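# Remarks on the overall topology
Okay, here's what each chain looks like letter by letter:
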Amino acid sequence: MKHMSPIESEHLQMIRESAKSFAEKHIRPHVMEWDEQQHFPKDLFHEMGKHGFLGVLVPNEYGGAGLGYQEYITVIEEIAKVCGSIGLSVAAHNSLCTGHMLLFGNEQQKQQYLPKLATGEWIGAWGLTEPNTGSDAIRMKCTAYLESDHWILNGTKTWITHGKSSDVAVVIARTGELLDSRGMTAFVVERGTPGFSAGKKENKLGMRASETTEMIFDQCKIPKHQVLGLVGDGFVQAMKVLDGGRISIAALALGIAKGAYQASVQYAQEREQFGQKIAQFQGIAFKLADMATKIEAAELLTRQAGKMKDQHLKMTKQAAMAKYYASEISVAVATDAVQIFGGYGYTKDFPVEKYYRDAKLCTIGEGTSEIQKLVISREALKE
Ligand SMILES: Cc1cc2nc3c(=O)[nH]c(=O)nc-3n(C[C@H](O)[C@H](O)[C@H](O)COP(=O)(O)OP(=O)(O)OC[C@H]3O[C@@H](n4cnc5c(N)ncnc54)[C@H](O)[C@@H]3O)c2cc1C
């Protein structure tokens, strides 16, 4: 399976080849070492920036690659085929921190931050989630109050991708009443700002080379001009950022599923039992058929959401459907892959146990599958 799209333009094939050869050369040789050691390879990010993978959607004038969602999906997919962790980090950097600034930053903020983020000189983080407010982000406790020409930020954000290694973070904090969707504001916080520190690093099941830590704010003083967009718009902005982010998690899930599938096809044609290749058993061949069908369906949903996003159409429902379906089938495909490998699939000598661990994050991050179903049903009932 080279790629799943029925028709892929030469331009998209070129992007695919570029991401693929980068992943094979710079990521593949280190995958298990980084996973075992929970090592976030910061240097790799600087290198990826040079190749345009960290500012895929950022216009050329701000130092980005100036591409659209089809190219972005392809980049995430090819990286995730090799390593889900790096795929997750690239997705979070592009879609969340950089994506938020691209959508809601003013000209001065865009000029100041986007070139650094798009070229990988700086790594970005995005903080919405808190210890007691994940799915229910509107109840966030992290607060900011205005004191003369500064905002004072207090509270803890948890589960933040690049919470320690990032150079800059977009942080959403309460500036108004609890449960008021217009009572939260987005701030740009640079590393080194007094009162901003990293907390506990999570020891995770999968995605272990993608750094996940707390971000702690203790009387953190942020200049007024670091507000993104309007005061009070932070939550509404975050929901819009997540619409795009969900396409990137769908692409991440798709890449993991394709990696697991490709490994399974190869193994099933090599491994012999009862005097024949296991691919010749209908029980295995039908599993491969189910895996391939699920992957194609997920790709169609993901690319449809990407196309709508590129056309500036409202795609909240399509992005949630793509994220929900692609992440669930990614887990199913990776589970089947472990089964096809038998006992060998249960060891770290073969790649499928990692796909199995990494895939699960896709049903949780940027809104769980249950939350996607809430979004989909809410949107469907409006139609
Ligand atoms: C590796 C990793 C990286 C992450 N990176 C970031 C990041 O960079 N920035 C950031 O802000 N966050 C990040 N997150 C946080 C992530 O978005 C949250 O974990 C996710 O939104 C779920 O929140 P929670 O973990 O608090 O689960 P909870 O909200 O506590 O949910 C627990 C369970 O209850 C279910 N549930 C909750 N509400 C409902 C409902 N109304 N109906 C039905 N079921 C419901 C959920 O689906 C889930 O099964 C990351 C998480 C992980 C694991």
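Look a little higher up for the structure.
Scope of this entry: the structure provided in the associated data block. The numbering scheme is per chain: residues are counted from 1 as the chain's sequence reads. Selection of residues for local features in this predicted model requires a pLDDT of at least 70, selection of side-chain atom pairs for listing and counting requires 80 or more, and totals for whole chains, interfaces and linings are taken over all residues. No hydrogens and no water enter the side-chain calculation; it runs on all heavy atoms of the structure.

## A look at the site of the ligand
So the rule is basically this: For this description, a residue counts as near a given molecule or strand if any of its non-hydrogen atoms is within 4 Å of it. Between N or O atoms, a polar contact is any pair within 3.5 Å; within protein, one atom must be a potential hydrogen donor and the other a potential acceptor, and residues adjacent in sequence are included only when both atoms are from side chains. Per-residue accessibility takes into account occlusion by the displayed protein chains alone, with areas from the Shrake-Rupley method and a 1.4 Å probe. For the purposes of this entry, the term helix denotes a DSSP run of H or I that reaches at least four residues, the term strand denotes a run of E that reaches at least two, and both are numbered from the N terminus. For this scheme, ten residues count as nonpolar: Ala, Val, Leu, Ile, Met, Phe, Trp, Tyr, Cys and Pro. Four count as charged, namely Asp, Glu, Lys and Arg, and the remainder, Gly too, count as polar.
Near the ligand there are 19 residues, and of these Thr-129, Ser-135, Trp-159, Thr-368 and Glu-370 occur at the shortest range. Here an oxygen atom of the ligand sits 2.6 Å away from a polar atom, N or O, in the side chain of Thr-368. Protein contacts shield 66% of the accessible area of the ligand, which totals 980 Å² for the unbound molecule. Mapped by element, the contributors of at least two residues to the shell around the ligand are strand E1 (124-127), strand E3 (150-161) and helix H11 (369-382). For the shell around the ligand, the class distribution of residues is 8 nonpolar, 8 polar and 3 charged.

## Considerations on the packing of aromatic side chains
Spelled out, the test is: Side-chain rings of Phe, Tyr and Trp, where Trp is taken by its six-membered ring, are said to pair if the distance between their centres is within 6.5 Å; with planes under 30 degrees apart they count as stacked, over 60 as edge-to-face, and otherwise as tilted. Only protein chains enter the calculation, and the probe is 1.4 Å; a residue is then buried if its accessible area is under 20% of its type maximum, exposed if over 50%, and partly exposed in between. Charge over a ring is defined by NZ of Lys or CZ of Arg lying within 6 Å of the ring centre and within 35 degrees of the ring normal.
On inspection of all chains with the given rule, the structure shows 11 aromatic pairs. Between Tyr-113 and Trp-122, the ring centres sit 6.1 Å apart and the planes meet at 45°, which makes this aromatic pair tilted. In terms of burial, Tyr-113 and Trp-122 fall into one category: buried. Pairing Tyr-344 with Phe-350 gives two aromatic rings, centres 5.6 Å apart and planes at 65°, and the pair type is edge-to-face. Tyr-344 gets classed as partly exposed once you look at its relative accessible area, which sits at 39%. Of the residues examined, Phe-350 reaches a relative accessible area of 26% and is grouped as partly exposed. One residue, Lys-116, lies across the ring of Trp-122, its end atom 4.9 Å from the ring centre.

## Section: the pattern of salt bridges
Pairing of side chains with opposite charge becomes possible as their charged atoms draw close. As a reminder, the rule being used: Note on definitions: salt bridges are taken to be side-chain nitrogens of Lys or Arg within 4 Å of carboxyl oxygens of Asp or Glu.
Taken as a whole and assessed by the stated rule, the structure comprises 23 salt bridges. When the shortest N-O distance is used, the salt bridge between Arg-139 and Asp-136 registers 2.6 Å. Here Arg-139 falls in the partly exposed class, since its relative accessible area comes to 39%. Of the charged contacts, one joins Glu-379 and Lys-314 as a salt bridge, the two residues approaching to 3.5 Å between their closest N and O atoms.

## Focus: the pairing of strand E5 (residues 184-190)
Spelled out, the test is: Strands are treated as partners if at least two bridges between them are detected by DSSP.
Here E5 lies mainly inside the structure; 6 of its 7 residues are buried. Here strand E4 (residues 168-174) pairs with E5 via 7 bridges, running antiparallel. The residue of E5 that forms the bridge with Ala-169 is Val-189.

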